[in-house]
Amino acid sequence: MTPDQPAGNLPPFARLRRTRMTGALRSMVRETELSKNDFIYPLFVVPGTKFRKEISSMPGVFQLSVENIVRECADVKALGIPAVILFGIPESKDEVGSGAYDDRGVVQQAVRAIKKEVPELLVITDVCLCEYTSHGHCGIVRDGEIVNDASVELLAREALSHAQAGADMVAPSDMFDGRVAAIRAALDGGGFPNLPIMSYAAKYASGFYGPFREAAESTPKFGDRRSHQMDPGNSDEALREVEQDIREGADIVMVKPATPYLDIVRRVKDRFGMPTAAYNVSGEYSMVKAAERNGWIDGERVMMEMLTGIRRAGADMILTYFAKDAARVLDAQR
Ligand SMILES: [Zn+2]
């Protein structure tokens, strides 16, 4: 420190480019680095066998039957990705989403098969009813209203059922009030006091979920999700949502979607210092893939920049359909 450079201040003229002049220097001063250890890969499981169908709006992402999911999980593990999150598309749907908490449900079957064949892979299950209800809503509907408390009871049953099948972590994505506490109580009462909960704590009502609804066949038949998911204009409210989930027992808190809500990721991380996840959702993925196919952007570069941005904003882990592509890029860089 020279006298003309007081602590905390830049000199009148600083040559900030000095540390950018070579690749070696750039890599030494790089503040955020992506790691495969931070990726969680979402998978869609369907009933039956030999089923493998690409989701047209999400190139490279498939609906898979159980034995194909197991094969996919072996690939994911071999690539060095530590975790997957499962979404189920049941054989049949009904008003109360029975398939969600059926011991022989499609997710329960998949969890059992994966934990048998690829035991080291961390298997997270998404806990919600929207893939399982005939009306496509995340809970029970009475007189046109999505009711909270009765839905929460079913979510707790679903989470316990996933735990009994062997899930390593459950992830409630519904955004109903009190669900984390109900799930915690169900898990503790069912003999799973050490099973962690990753809550979708600040989940916004977002247009970026469009391609996912094709993948999960969960588009609501009427209305929308604005009565439980958050309004995109709100940020302070996100902190209240996250705080509530932490009080109720969430071990990891998630912000969803990721890139349009990086300010929320940063505020959540700064305020609570909790393990924080961000869900890089289907629309974020599909936009990059579509623009890449049109030759408008360098898809690989944009993917890595997007994921780095999410980590830089404060996310410790990223749920992303890019996980496999990004893992291959990271391998090639070594
Ligand atoms: Zn839902």
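In what follows, the accompanying structure is described. From a predicted model like this one, the values you see are computed outputs, not experimental measurements. (Residues numbered from 1 in each chain as written. Predicted model: local features only at pLDDT ≥ 70, side-chain atom pairs only at ≥ 80, totals over all residues. Heavy atoms only, no water.)

Turning our attention to the coordination of the zinc ion. For the zinc ion, every protein donor is listed as Cys 128 (SG), Cys 130 (SG) and Cys 138 (SG), and the spread of their distances is 2.3 to 2.4 Å. Read in sequence order, the donor residues coordinating the zinc ion give the pattern C-x1-C-x7-C. Taken as a pair, Cys 128 in the loop between β5 (122-127) and β6 (141-142) and Cys 138 in the loop between β5 and β6 lie far apart in primary sequence, 10 residues in all. In this pair, the class of Cys 128 matches that of Cys 138, namely buried. (Donors = N, O, S within 2.8 Å, 3.2 Å for Na, K, Ca; no water. Helix = DSSP H or I, 4+ residues; strand = E, 2+ residues; numbered from the N terminus. Buried < 20%, exposed > 50% of the residue type's maximum accessible area, 1.4 Å probe, protein only.)

It is worth spelling out the pattern of salt bridges at this point. Evaluated as defined, the whole model comprises 19 salt bridges. Measuring nitrogen to oxygen at the nearest pair gives 2.7 Å for the salt bridge that ties Lys 36 to Asp 331. Of this pair, Lys 36 sits in the loop between α1 (23-29) and β1 (39-46) while Asp 331 sits in helix α11 (residues 323-333); the two residues are 295 residues apart in sequence, bridging distant segments of the chain. Given a relative accessible area of 16%, Lys 36 falls into the buried group. With a relative accessible area of 30%, Asp 331 lands in the partly exposed category. Of the charged contacts, one joins Arg 184 and Asp 188 as a salt bridge, the two residues approaching to 3.0 Å between their closest N and O atoms. Here the residue Arg 184 and the residue Asp 188 both occupy positions in helix α5 (residues 179-189), the gap between them amounting to 4 residues, near one helical turn. We classify Arg 184 as buried; its relative accessible area is 13%. For Asp 188, a relative accessible area of 39% corresponds to the partly exposed category. Each of Asp 174, Arg 179 and Asp 245 takes part in one network of salt bridges that share partners. (Salt bridge = Lys/Arg side-chain N within 4 Å of Asp/Glu carboxyl O.)

Moving on: the packing of aromatic side chains. Think of a pair of aromatic rings as described by two things: how far the centres are apart, and how the planes are tilted against each other in angle. Summed over the entire model, instances satisfying the criterion amount to 9 aromatic pairs. Between Phe 44 and Tyr 321 the ring centres are 6.3 Å apart and the planes differ by 5°, which places this aromatic pair in the stacked class. Residue Phe 44 is located in strand β1, and its partner Tyr 321 is located in the loop between β12 (317-320) and α11; the two are separated by 277 residues in the primary sequence. Looking at Phe 44, the relative accessible area reads 0%, which means it is buried. Given a relative accessible area of 2%, Tyr 321 falls into the buried group. Above the ring of Tyr 209, the side-chain terminus of Lys 256 is found at 4.8 Å from the ring centroid. Lying over the aromatic face of Tyr 279, Lys 256 brings its terminal NZ or CZ to 4.4 Å of the ring centre. (Phe/Tyr/Trp six-rings, centres within 6.5 Å; stacked < 30°, edge-to-face > 60°. Lys NZ or Arg CZ within 6 Å of the ring centre and 35° of its normal.)

In this section: the environment of Arg 112. Residue placement: Arg 112 occurs in helix α3 (residues 106-117). In this structure Arg 112 comes out as partly exposed when scored by relative accessible area, which is 34%. Each C-alpha atom of the pair Arg 112 and His 162 lies 9.4 Å from the other, and the pair is 50 residues apart in sequence. Setting aside residues up to four positions removed in sequence, Arg 112 forms contacts with Asp 103, Gln 164 and Ala 165. (Contact = heavy atoms within 4.5 Å.)

Further remarks concern the pairing of β5. A large share of β5 lies buried, amounting to 5 of its 6 residues. Relative to β5, strand β4 (residues 83-88) is paired through 4 bridges, and the arrangement is parallel. In the sheet register, Val 84 faces β5, and the bridge partner there is Val 123. A crossover connection joins β4 to the parallel β5 through α3; in handedness this β-α-β unit is right-handed. With 4 bridges joining them, β5 and strand β8 (residues 169-172) adopt parallel strand pairing. (Pairing = 2+ DSSP bridges. Right-handed = clockwise from strand over helix to strand, strands pointing away.)

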